[in-house]
Amino acid sequence: MHLSIADIFLALDNIKSSHIDYLLTTTFLNCEDNEDITTGDWRLLNLEKQPFNFPTPLLVINEQCTEGGGLYKDKSLGLWQVQDITLV
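Draft legend 1. Just the overall build of the protein, in detail. Check the secondary structure of the protein and you find one helix and three strands. Listed by position from the N terminus, the elements making up the protein come as α-β-β-β. A compact globule built from 88 residues should have a C-alpha radius of gyration of about 12 Å, and the protein, at 13 Å, falls within 12% of that. Of all 88 residues assigned to the protein, the portion counted as buried reaches 31%. Put simply, of all contacts in the protein between residues at least 6 apart along the chain, 60% involve residues at least 24 apart. Carbon and sulfur atoms make up 52% of the accessible area of the protein, which amounts to about 5,500 Å² in all. Mean positive and mean negative side-chain charge positions of the protein (5 and 13 charges, respectively) differ by 4 Å.

Listed below in structure tokens is the structure:
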């Protein structure tokens, strides 16, 4: 949520080369467009959408977020098997 798209891909490269099995991270399921930001800012991300195109998560844990009067009710933790994440 706080990294630029370029920095996210750098982090994903590190994650994939670390040989860990799973990635658990925040994703906003209803977000349609992943906007780029300057690292340090904040925005919604849906990791199943462009440019990330993650597969369907193995598990989704809805955080039941009530901030913003329910504006972020789709805020969830997604669990992916790292080997299933393809970087383009």
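Resuming the write-up.
Draft legend 2. Main features of the environment of Phe28. Inspection of the secondary structure assignment puts Phe28 in strand β1 (residues 22-28). Since its relative accessible area comes to 2%, Phe28 is described here as buried. Residues within four places of Phe28 in sequence aside, it is in contact with Met1, Trp42, Leu44, Leu45, Asn46, Tyr72, Asp74 and Lys75.

Draft legend 3. Layout of unusual backbone geometry. Of note, the bond from Gln50 into Pro51 is cis; its omega dihedral lies within 30 degrees of zero at 0°. Checked against the element boundaries, Pro51 lands in the loop between β1 and β2 (59-62). Phi at His19 takes a positive value of approximately 65°, unusual for a residue other than glycine. Looking at the secondary structure, you find His19 in the loop between α1 (5-17) and β1. Overall, His19 belongs to the exposed group, its relative accessible area being 69%. Notably, Asn53 is not glycine yet its phi reads approximately 55°, a positive angle. Here Asn53 falls in the partly exposed class, since its relative accessible area comes to 37%.

Draft legend 4. Expanded view of the sheet that holds β2. Pairing is antiparallel across the open sheet formed by three strands, whose spatial order is β1-β3-β2. Bordering the open sheet on either side are β1 and β2, each of which pairs with just one other strand. For this sheet, the mean inter-axis angle between neighbouring strands, taken without regard to orientation, is 25°.

Parameters and conventions
Residues numbered from 1 in each chain as written. Predicted model: local features only at pLDDT ≥ 70, side-chain atom pairs only at ≥ 80, totals over all residues. Heavy atoms only, no water. Helix = DSSP H or I, 4+ residues; strand = E, 2+ residues; numbered from the N terminus. Rg over C-alpha atoms; globule rule 2.2 N^0.38 Å. Buried < 20%, exposed > 50% of the residue type's maximum accessible area, 1.4 Å probe, protein only. Contact = heavy atoms within 4.5 Å. Areas by Shrake-Rupley, 256 points an atom, 1.4 Å probe, with all protein chains shown as cover. Lys, Arg positive; Asp, Glu negative; His and termini not counted. Charge placed at Lys NZ, Arg CZ, Asp CG, Glu CD. Pairing = 2+ DSSP bridges. Axes fitted to C-alpha atoms, helices over the stretch in contact; angles between N-to-C directions.

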